[in-house]
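Each chain, letter by letter, is given below.
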Amino acid sequence: MIKVIHCTVNGKVREIAVDERESLTDMLRLRLGLTSVKKGCEAGECGACTVLIDGVAKNSCILLAVWADGHEIITVEGIRGKNGLLHPVQQAFVDEAAIQCGFCTPGVVLSAKALLMREENPTKEEVRDELSGHFCRCTGYLQFYDAVRIASEKIAARKAATKK
């Protein structure tokens, strides 16, 4: 059965007709062309499909698209600044070589962003806990921790600069 849902995706209000059985991952990839949302395990285990829903990192593969009705969804395409610059988390991942093949990167970046929205200066343990739902075959995870620390510092510096 088809249902029309209304949600905000990367800042744009959308009206989308979806099958009631369709996953949020499929809606984002197939209907909206947001291919940063990866199909990995399709069981909520690898984190490749992570998106932000109302600011909270969620595995989109285990959510139905109809559940997005009335919510705000952010993919990695949606976190760049209006001027086109990378978000501090994205830039930190580039700077710290925390990107190898790139398959897991969008989900990890969004989980890191969600963590930094809640905690300005997370401990290494908090970062590890936040990113524990992501499976990466390439980096060994150490670069992720460094990238989140650098992003935290960049975000704090931006906040301090705007307060002056």
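Note that the structure is a prediction, hence the values are computed from the model and not measured.

Undergrad: Help me understand the nonpolar core in this model?
TA: When a protein is soluble and globular, its nonpolar side chains tend to lie buried together. Val89, Phe93, Phe144 and Val148 are the most contacted members of the largest nonpolar core, which totals 26 residues. Of all the elements in the fold, those that place two or more residues in this core are α2 (88-95), α3 (105-118), α4 (124-131) and α5 (142-163). Beyond its immediate chain neighbours, meaning those up to four positions away, Phe93 contacts Ala98, Ile99, Val108, Val109, Ala112, Phe144, Ala147 and Val148. Counting 20 residues, the second-largest nonpolar core is a separate cluster that includes Ile5, Leu32, Leu34 and Ile73.

Undergrad: Is there a simple way to explain the environment of Ala17 in this structure?
TA: Mapped onto the elements of the fold, Ala17 is located in strand β2 (residues 12-19). Spatially, the C-alpha atoms of Ala17 and Arg31 are 9.2 Å apart, while their sequence positions differ by 14 residues. Ala17 has contacts with Ile2, Lys3, Val4 and Arg31, leaving out every residue within four places of it along the chain.

Undergrad: Hey, could you run me through the packing of aromatic side chains in this one?
TA: On inspection of all chains with the given rule, the structure shows 2 aromatic pairs. Ring geometry for Phe93 versus Phe144: centroids 5.7 Å apart, planes at 35°, classification tilted. Taken together, the residues Phe93 in helix α2 and Phe144 in helix α5 connect sequence positions 51 residues apart. With a relative accessible area of 1%, Phe93 lands in the buried category. Between Tyr141 and Phe144, the aromatic rings sit 5.6 Å apart at their centres with planes inclined by 85°, giving edge-to-face as the arrangement. When its relative accessible area of 1% is taken as the criterion, Phe144 is described as buried. An aromatic cluster is present here, built from Phe93, Tyr141 and Phe144 joined pairwise through their rings.

Undergrad: Would you mind showing me how to read the sheet that holds strand β3 (residues 50-53) here?
TA: Pairing between sheet strands relies on hydrogen bonds along the backbone, with the strands arranged either parallel or antiparallel. With respect to topology, 5 strands assemble into an open sheet ordered β2-β1-β5-β3-β4, the strand pairing being mixed. The sheet terminates laterally at β2 and β4 (56-59), the two strands that pair on one side only. For this sheet the average axis-to-axis angle between neighbouring strands, irrespective of direction, equals 45°. Pairing of β3 with strand β5 (residues 72-74), which is carried by 2 bridges, proceeds in the antiparallel orientation. Each bridged residue has a counterpart across the sheet, and for Leu52 the counterpart in β5 is Ile74. Its contacts with the sheet place helix α1 (residues 24-31) against β1 (2-9), β2, β3 and β5, and it is angled at close to 110° to β2.

Scoring rules and cut-offs
- Residues numbered from 1 in each chain as written.
- Predicted model: local features only at pLDDT ≥ 70, side-chain atom pairs only at ≥ 80, totals over all residues.
- Heavy atoms only, no water.
- Core = buried A, V, L, I, M, F, W, Y, C linked by side-chain atoms within 4.5 Å.
- Buried < 20%, exposed > 50% of the residue type's maximum accessible area, 1.4 Å probe, protein only.
- Helix = DSSP H or I, 4+ residues; strand = E, 2+ residues; numbered from the N terminus.
- Contact = heavy atoms within 4.5 Å.
- Phe/Tyr/Trp six-rings, centres within 6.5 Å; stacked < 30°, edge-to-face > 60°.
- Pairing = 2+ DSSP bridges.
- Axes fitted to C-alpha atoms, helices over the stretch in contact; angles between N-to-C directions.

Limitation: the analysis is restricted to geometry and does not speak to function.
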